[in-house]
Every structure is written in C-alpha cells, then in structure tokens.
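# A closer look at the structure
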Amino acid sequence: MDTAVLSTGTDQHVGSESVLVSPSAVDPLWWRSAVIYQIYIRSFADGNGDGTGDLAGVRSQLGYLRDLGVDAIWFTPWYASPLADGGYDVEDYLTIHPSFGELAEAEALIREALALGIRTIIDVVPNHISDQHPWFKAALAAEPGSPERERFWFRPGRGTNGDEMPNHWVSNFSGDTWTRTTGADGTPGEWYLHLFTPEQPDLNWNHPDVRRMHEDVLRFWFDRGVAGVRIDSAALLVKDPALPEVPDVVAPGEHPNTDRDELHDIYRGWRAVADSYDGTRILVGEIWLPDVERFAKYLRADEMHTAFNFDFMSRPWRAGELRESIDSMLAAHAPVGAPSTWVLSNHDVTRPVTRYGRDDTSFAFATKRFHTPTDRALGTRRARAAALLTAALPGSLYVYQGDELGLPEAEELPLDLLQDPMYFRSDGIDPGRDGCRVPMPWSGDKPPYGFTPSGAASAPWLPQPDDWADLTVEAQVRDSGSMLSLYRTALGIRRSHPALGDGPFTWLDSEEDERNSGVLAFSRGLGFVSITNFSDAPVTLPDYTRLLLSSVPLENGLLPPDSTAWLRTQH
Ligand code: GLC
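Computed from a prediction, not measured in an experiment: that's the story for all the values here.

## Description of the overall build of the protein chain
- Within the protein chain one finds 17 helices and 18 strands.
- Its C-alpha atoms give the protein chain a radius of gyration of 24 Å, near enough to 25 Å, the size a compact globule of 571 residues would have.
- When its C-alpha atoms are laid out on the principal axes, the protein chain stretches across 80 × 55 × 50 Å.
- In the protein chain, which comprises 571 residues, the proportion classed as buried is 59%.
- Look at the contacts in the protein chain between residues 6 or more apart in sequence, and 68% of them connect residues 24 or more apart.

## A few points about the pairing of strand β10 (residues 282-285)
- Along β10, one buried face is formed by I282 and V284 and the opposite face, lined by L283 and G285, is buried too.
- Bridge analysis of strand β9 (residues 228-231) against β10 gives 4 bridges, and the strand direction is parallel. By the bridge assignment, V229 is partnered in β10 with L283.
- Crossover handedness for the path β9 to helix α8 (residues 263-275) to β10: right-handed.
- Taken together, β10, helix α9 (residues 292-297) and strand β11 (residues 306-307) constitute a β-α-β crossover, and its handedness is right-handed.

## What to know about the site of the ligand
- As a structural note, the neighbourhood of the ligand is formed by 14 residues, with D85, D232, E286, H347 and D348 the closest of them.
- Between H128 and the ligand, the recorded distance is 2.9 Å, taken from a side-chain N or O atom to an oxygen atom.
- The fraction of the free accessible surface of the ligand (310 Å²) that becomes covered by protein chains is 95%.
- Residues belonging to the shell around the ligand are distributed by class as follows: 3 nonpolar, 4 polar and 7 charged.

## Regarding the confidence of the model for the protein chain
- On average, residues of the protein chain score 94 in pLDDT, and 95% of them reach the 70 mark or higher.
- When mean pLDDT is taken per element in the protein chain, strand β1 (residues 35-39) scores highest with 99 and helix α1 (residues 3-6) scores lowest with 27.
- The model gives residues 1-25 a pLDDT under 50, and that stretch makes 41 contacts with residues more than four places away or in other chains.

## A word on the side chain of D85
- Of note, D85 is situated in the loop between β3 (79-80) and β4 (92-96).
- Contact partners of D85, with chain neighbours within four places excluded, come to F173, Q200, D420, P421 and R433.

## Points about the sheet that holds strand β2 (residues 72-75)
- Sheet architecture is open: 8 strands sit in the order β11-β10-β9-β5-β2-β1-β13-β12, paired in parallel fashion. With one partner strand each, in any of the chains shown, β11 and β12 (341-343) form the two edges of the open sheet.
- Here β10 pairs with β11 via 2 bridges, running parallel. Considered in β11, the bridge of G285 is made with A307.
- Against the sheet, helix α16 (residues 483-496) engages β1 and β13 (396-400), with an angle of about 160 degrees to β13.

About the cut-offs
Residues numbered from 1 in each chain as written. Predicted model: local features only at pLDDT ≥ 70, side-chain atom pairs only at ≥ 80, totals over all residues. Heavy atoms only, no water. Helix = DSSP H or I, 4+ residues; strand = E, 2+ residues; numbered from the N terminus. Rg over C-alpha atoms; globule rule 2.2 N^0.38 Å. Buried < 20%, exposed > 50% of the residue type's maximum accessible area, 1.4 Å probe, protein only. Contact = heavy atoms within 4.5 Å. Pairing = 2+ DSSP bridges. Right-handed = clockwise from strand over helix to strand, strands pointing away. Near = heavy atom within 4 Å. Polar contact = N/O pair within 3.5 Å; in protein donor to acceptor, adjacent residues only side chain to side chain. Areas by Shrake-Rupley, 256 points an atom, 1.4 Å probe, with all protein chains shown as cover. Nonpolar A, V, L, I, M, F, W, Y, C, P; charged D, E, K, R; others polar. pLDDT = per-residue confidence, 0-100. Axes fitted to C-alpha atoms, helices over the stretch in contact; angles between N-to-C directions.

Here it is in structure tokens:
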C-alpha cells in the first residue's frame, strides 16, 4: 500500500489510531450526485495469489479508484459463504469470507478509502440466506411445525404422498422454487421455498427474529463506518402466507411474492436505523419492477434513498426509447423527491460493449443466448457515448468494475469452468453471468494481466481472454483515447462542474424533433449541454463556446454517429 497516496488530499490520518470521520459530516447530500463504483470482489484484484480477488487487492488499488474519480465503492457480498451464488448465499454476515480476508482488513479498508474521500457501501441479502447458515441447519434438523422452521417457508407437499410442490412459483433462476427435505429416518419430508437456488432458502419476514437479525446486521456495519447498504432482491422479501399461485392478472401490491405493500414497513424500520447514525447512511434498493410508480414508492422520504434504474439499462440503444425511459424515471422520482440512478451494467448483465454491438441492443435475462453475434468496435463506440450520456443525467451514477476499461463480455469461457447457477439451472440454455465477472486486467500482455501478484501459484478463478492486452489499466492509462481516459476525464468534469450530478434538466428539442433526428440533447443549466447522436449520419451541434469532451473526435465540426459531446454553452 502506497502511504504517500493515502495521505494526500485529506487531513485525516490512516492507520490503527485513525479516527472514523462520518462520511456525510462533510456533505449530507453526497448520495444524490455520487459516482459509485461496483466492486465484484472475487474479480477485482488478488492480493495473496490464490487466484481470487480479496480485500488486500482492493486496498492496493485504492489509488486507482481515487484517480478514476469515484465517490463511493459498493462491494458485492464479502461475507462467509459457500459461494453457491457468488456470495449471495450468506452464511455469516459478521465474518468476511476467508478467501477475501478478515474483518480487521475490512475495517482498515473502510478507513483508508474514506481518507481518500471514498465511501463504502456493502451488500445485504435479506430475501434468503445460505443453507449453511445455522438457522437453516437447525430448521432442517427440527421437526415440521417447530419454531426453527418458522423462520423459513416449510410446507407439506400436495398430492397423496406429499410429493407435489406446494405451489408452482417460477424461479428467477429457471427451475423450481421448492426443494423437498428428507427426514431423520430417510423418508421424504416437508418442502422449503427458495426463489433462487436450493442453497438459498427464503426467509420468513413475518418472523420477528428475521427482522431483528437484519437490523442488527445494519448496525454492525454502520458501526464500522459503512456509508450505506445495497439491498439485494429488495422487492421479494414478503410473501402472502397462504402461498397462492400467481394469478394471470395481478393487481398492484397483490402479487404473492413481489412488491407487496408490507415491504414498506420493513424499509421504514431500516431507514430509522440508518438515520440513527450521524451523517447520511444510505439505503439503495435492487428493485426490478415494470411499474415505475410502484418502484418510486420505495423512495419515499422515510424509506430508501435511491434504487437502481434498470429500466434505462434494459432499453435498446435508440434515442426514442431512451428518452422515454429518462422522462418516465424522472417523472416517477419527482413526487418523492429522490434522485434517479443511472446504471449501464452490473455483475448480473451482459457488458455494454457486447450488448450495444448486437442487432438487439436491449437487455433481458430471458433472451440471453450463447453465440449471439456482436460487433465489438460498434459496441465500444456506443458504450463510450453511453458513458457520457449517463454521466450527464441528473442523479447518481453507477460504474461496474471493468466497464471503465471497456471490457467485453467474455463469451468463450470453457463450459466446464462456468460457475453461475443461472447457466446450470437453465440446462445450459442461458450462458449465465460468468462472462461479466472475469477478473480485471491490470497490466502485462497475457493472463493473468497483473490480477494476481507475480509468481502467484494459482491462476485466476475464471480464465481471462488472450486478447485483453490492450484493455489493461496499464495500457489504457498511457493512451489518451482509451476508455479509461474517457472515464477519468468525464468523472473529473462531472465532479468539478456545478451543473452535473443532481439538479435541473431540460431537453433542448421537442420529443418529436428528437425522435425524427435520432438525437438526444439536453441542458443541465449553468451553460452545460450534452448531446448524443444515435442516427447514422453526422449532426450539427447546438451553439457552444467550448467543447468540453466528446466520446470520439468531431468530424468537420459535426457530431458523428453513435457518439456524445459535452458542450459549454452561453446559457
Ligand atoms: C440479485 C443479485 C444477483 C443474485 C440474486 C440472488 O439479483 O444481484 O447476483 O444472484 O440477487 O441473490
């Protein structure tokens, strides 16, 4: 760790005697405009050479994150876990996974990052828990009807021998949502519910222990200085206790396992915990809901601060579609006073460089297939334009590790090395999510590209493609035209320009004009305009006094296809 780096730009001291400064003591509204970098810890940087990323690796690259210009990092789950679903199967919330490090290292990391002005957000997974968690082991060992089983959803099967599932809910991961238990005498017993894999039994949120345990988890980590939590599968926790089938037409709030009204009370309780800490500790929901008004209900002043805007991420690369998404998300957020988030990808979805180079540029879990052709150059060009477009929109911005390097989806991973349950549970039809989770390339011209320290005994846990030499941090830092340089410059402008982040937003043209021209142009006030050209011909720029940044060079003063420019304007 470079201590010179750690002591710049702050009057805090780093080390064992350092004092935790409340992140938001400086700016209580930091989260409304923050740039939040998502670290998929297994794949970020490996400090100890075992082929898996870890806390030591992250600590060694905090300077990289500071230079990139991020305000916060969000860690995907770093807890003890059998990793049946990449850590979203938590065995113990109060222990760091031994492959990643120890609690003391996490505490040190939180302090060191904060000393560089970077806050830490962690992931909590309240819908389910690992089947190796003591609660579930105790439930399996106990009798039907026992208090141990009440923390989960155990039910007898239907049919004469109880060998039919209690209902036919469909898993987000393909396949069944119920697994039958075996009694101590070897005979088949009750079934238990798991909306994801059998290793992730769903918790019963009507049970007071479940609620208490999660509020204690929040306190444990807030006490250690974390600035917020990302709430996994946040709209799924509450179930209709009668566990009915999903009707063909579902009235708002009446789905038996999604977006039930009782959820809001849970999050009000969490908000009260967060607000009991000094400064602003934030709640960020992972909420996939087609109904944007229902979505925004979670963002009322006494619930979550923000939630991931997956609507924008899922749309195709087309001006009209994206404009519609921006309008509907801003309109839904306005009445609750919450800022929108802008997200191009995460550890669950196809990388933008690959997605935007395909014929169908939208994202949907159900349509992911192997061997979908893509034009990487076109996808990269559009991903650059998308990076500037999203960074100019009002609200907070998420950057998934590797997107700042323009990493493509790794689509040629050997099948026998794939790990994602989405692949296995779809019988190999869905390629799964391993392709966006391949370890980061830092330096050098061949795998492991500096991901593991030199001389490491183990190869990276997922193999990196052979053609990533040009995509390493080392290669891109030197190249002013690289994706990394674009991100660094853009985030630098975003940080220093008072119009960017949260604040006013105005389209420059009518919707019809923009639909016809294939251009999206908007002003953020204070003389800042962003313009993106989705059409296949160059377009004229509005009057401007200075070109601040463009995703590709202008051509004869015109904005080429699939590019974005940021302009300083008179008004
Ligand atoms: C969320 C996570 C995903 C995980 C799932 C189940 O969608 O982002 O990675 O598999 O929840 O916990």
